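Reading the structure
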Amino acid sequence: MSRFTVPIADILGTAFYHYELTSSTYNPTIDTSFTITCKVTNSFGNNVSGKSITLYKDGTSVSSATTNSSGVATWTVTLTDWDNHHFKVENASLELKADGWKTVVNETNYLCQVNGKNVFFYVKIGSSLSHPTSFTAFGGGAKVPSGYRPSASVTENAYSNYNILVSVKADGTVERRSMTGSSITSTLYATFYWTI
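Residues numbered from 1 in each chain as written. Predicted model: local features only at pLDDT ≥ 70, side-chain atom pairs only at ≥ 80, totals over all residues. Heavy atoms only, no water.

**Some remarks on the packing of aromatic side chains**
For the structure on display, the rule yields six aromatic pairs. Relative to Phe138, the ring of Tyr110 has its centre 6.4 Å away and its plane inclined at 75 degrees; by these criteria the two rings are edge-to-face. Pair noted here: Tyr110 is in strand 9 (residues 110-115) and Phe138 is in the loop between strand 11 (136-137) and strand 12 (154-157), with a separation of 28 residues, a long-range link. Directly above the ring of Phe138 sits Arg176, whose terminal nitrogen or CZ lies 4.7 Å from the centroid. (Phe/Tyr/Trp six-rings, centres within 6.5 Å; stacked < 30°, edge-to-face > 60°. Helix = DSSP H or I, 4+ residues; strand = E, 2+ residues; numbered from the N terminus. Lys NZ or Arg CZ within 6 Å of the ring centre and 35° of its normal.)

In structure tokens form, the structure reads like this:
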């Protein structure tokens, strides 16, 4: 009688391996790197080393990695939006969603940050500037990038001088004016929030 020796991994196929997917954080911050780890063991509970596995994000391959002597493979991942993301290695999966504020403009006089649909915009002109009696744009064109602009003009009093109005227009430009009936020379600080 002939005796055949067939490895149990060949008999069980993918059922021979167990995959456990974990993250270094379950509350990732937007644009900040974190680590996703996969531990691979066999049906006997032993670590599986030297196995090439692929991490998928939303159905697209991130990259492949090879398990170490502890049966562990890792990937460094960064989320750049606030959508829910599905990570998968074989039959193990993980759902993650980023939080926090993403900086889209960081210039000397302007800061624009976004958190999902919420926009924070800050304008600071530290040196004295003339503020005419009608709305006048700051030089240099749009200060708020397309996609983050308010649907209609947003207007606030300047913190540095309540006699100055500052407005962010729907085209992304920023304007200012004096409310006193005459031009004012002053520094300018103003903060805006809107939803897109």
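Anyway, onward from the coordinates.
**Details of the sheet that holds strand 13 (residues 164-168)**
The strand order across the open sheet formed by four strands is 11-14-13-12, and the pairing between neighbours is antiparallel. Strands with a single pairing partner mark the edges of an open sheet, and in this sheet they are strand 11 and strand 12. Across four bridges, the pairing between strand 12 and strand 13 is antiparallel. Of the residues in strand 13, the one forming a bridge with Val154 is Val168. (Pairing = 2+ DSSP bridges.)

**Digging into the nonpolar core**
Core analysis: the biggest nonpolar cluster contains 43 residues, and Trp75 and Phe121 have the highest contact counts within it. With five residues, strand 15 (residues 184-195) is the single largest residue contributor to this core. Residues within four places of Phe121 in sequence aside, it is in contact with Tyr110, Leu111, Cys112, Lys143, Val144, Val168, Val174, Ala190, Thr191, Phe192 and Trp194. (Core = buried A, V, L, I, M, F, W, Y, C linked by side-chain atoms within 4.5 Å. Buried < 20%, exposed > 50% of the residue type's maximum accessible area, 1.4 Å probe, protein only. Contact = heavy atoms within 4.5 Å.)

**Points about unusual backbone geometry**
A positive phi angle, close to 65 degrees, is found at Asp31, a residue other than glycine. Topologically, Asp31 is positioned in the loop between strand 1 (17-23) and strand 2 (34-42). Judged by its relative accessible area of 37%, Asp31 is partly exposed.

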